[in-house]
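Here is what each chain is made of, one letter per residue.
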Amino acid sequence: MNEKKLIEGIRNRDESAAAYAIDRYSRLLWSAAAPVLRNIGTAEDLEECVADAFVYLWEHPEKFDPVRGSLKSWLAMIVRSRAIDRYRQLVKQQTVSMEEALLQTEMIPEAPGLEEETRAALRHALDQLVEPDREILLRRYYFDQKPKEIAKATGLTVKQVENRLYRTKQRLRETLTEVQDEI
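Here the structure is a predicted model, which means the values were calculated and not measured.

> Looking at this structure, how should I read the pattern of salt bridges?
In a structure, side chains of opposite charge can pair up when their charged atoms sit close to one another. For the coordinates displayed, the defined rule picks out five salt bridges. With a closest N to O distance of 2.8 Å, R86 and D45 form a salt bridge. With a gap of 41 residues between them, R86 in helix 4 (residues 71-94) and D45 in helix 3 (residues 43-59) connect regions that are remote in the sequence. The pair formed by R86 and D45 is uniform in burial state, with each residue classed as buried. Two residues, R139 and E135, come together in a salt bridge whose shortest N-O distance is 2.8 Å. Remark: E135 and R139 occur in helix 7 (residues 133-141); sequence separation between them is four residues, near one turn of the helix. Several salt bridges share partner residues, and in doing so they unite D133, R164 and R171 into one network.

> Got a minute to help me understand the environment of L71 in this structure?
Checked against the element boundaries, L71 lands in helix 4. As a C-alpha pair, L71 and L6 span 65 residues in sequence and 9.3 Å in three-dimensional space. Those residues within four positions of L71 in sequence are excluded, and the remaining contacts are E3, L6, I7, Y25, L57 and F64.

> Teacher, can you tell me more about the packing of helix 7 against helix 8 (residues 147-154) here?
The angle between the axes and the distance between the axes are what describe a pair of packed helices. In contact at an axis separation of 10 Å, helix 7 and helix 8 are set at 140° when each is read in the N-to-C sense. Judged on the interaxial angle alone, helix 8 and helix 7 are oblique. Once helix 7 is placed against helix 8, the crossing between them reads as right-handed. Of helix 8, the residues touching helix 7 (which contributes E135, I136, R139 and R140) are P147, I150, A153 and T154.

What counts as what
Residues numbered from 1 in each chain as written. Predicted model: local features only at pLDDT ≥ 70, side-chain atom pairs only at ≥ 80, totals over all residues. Heavy atoms only, no water. Salt bridge = Lys/Arg side-chain N within 4 Å of Asp/Glu carboxyl O. Helix = DSSP H or I, 4+ residues; strand = E, 2+ residues; numbered from the N terminus. Buried < 20%, exposed > 50% of the residue type's maximum accessible area, 1.4 Å probe, protein only. Contact = heavy atoms within 4.5 Å. Axes fitted to C-alpha atoms, helices over the stretch in contact; angles between N-to-C directions. Parallel < 35°, antiparallel > 145°, perpendicular 65-115°, else oblique. Left-handed = near helix turned anticlockwise from the far one by under 90°.

These figures capture arrangement, not role.
Encoded structure:
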């Protein structure tokens, strides 16, 4: 079945044409969505994106314009768009609002052997940090997120996150050393 007959069949609500499109383009659409959802999405997320593309084709066959490109390119664009939307949704679900988290928890837990002056100095040093350094540090060491997760949540690269962590830890170390020397 050629592309013109396939679209005509879908426009006429021919279920065999829809089944043919699914058989013909499913693998392509999976391969178009997979890179977007790699490391965050599940097989079910991929399946949902592919299914959404076919549902969109079924519900809106008039939106396909053969003058602008092939059906497989159009479907690949649709599934990629769905995958990007799903990616954003998954990242949003995984991202912890720092304000919410800090309101619910004490930033520096009680630790045996940690003197009150040191705890106060640490609190003060953390309060002096600028964003996003403070958020990155808290995500890494308080919420135990990996640099890759932090990068996704903050919009930075993994290398930028690692560099900021390194510099922030050095600033904290210097501040705490100064406080220790004063005590």
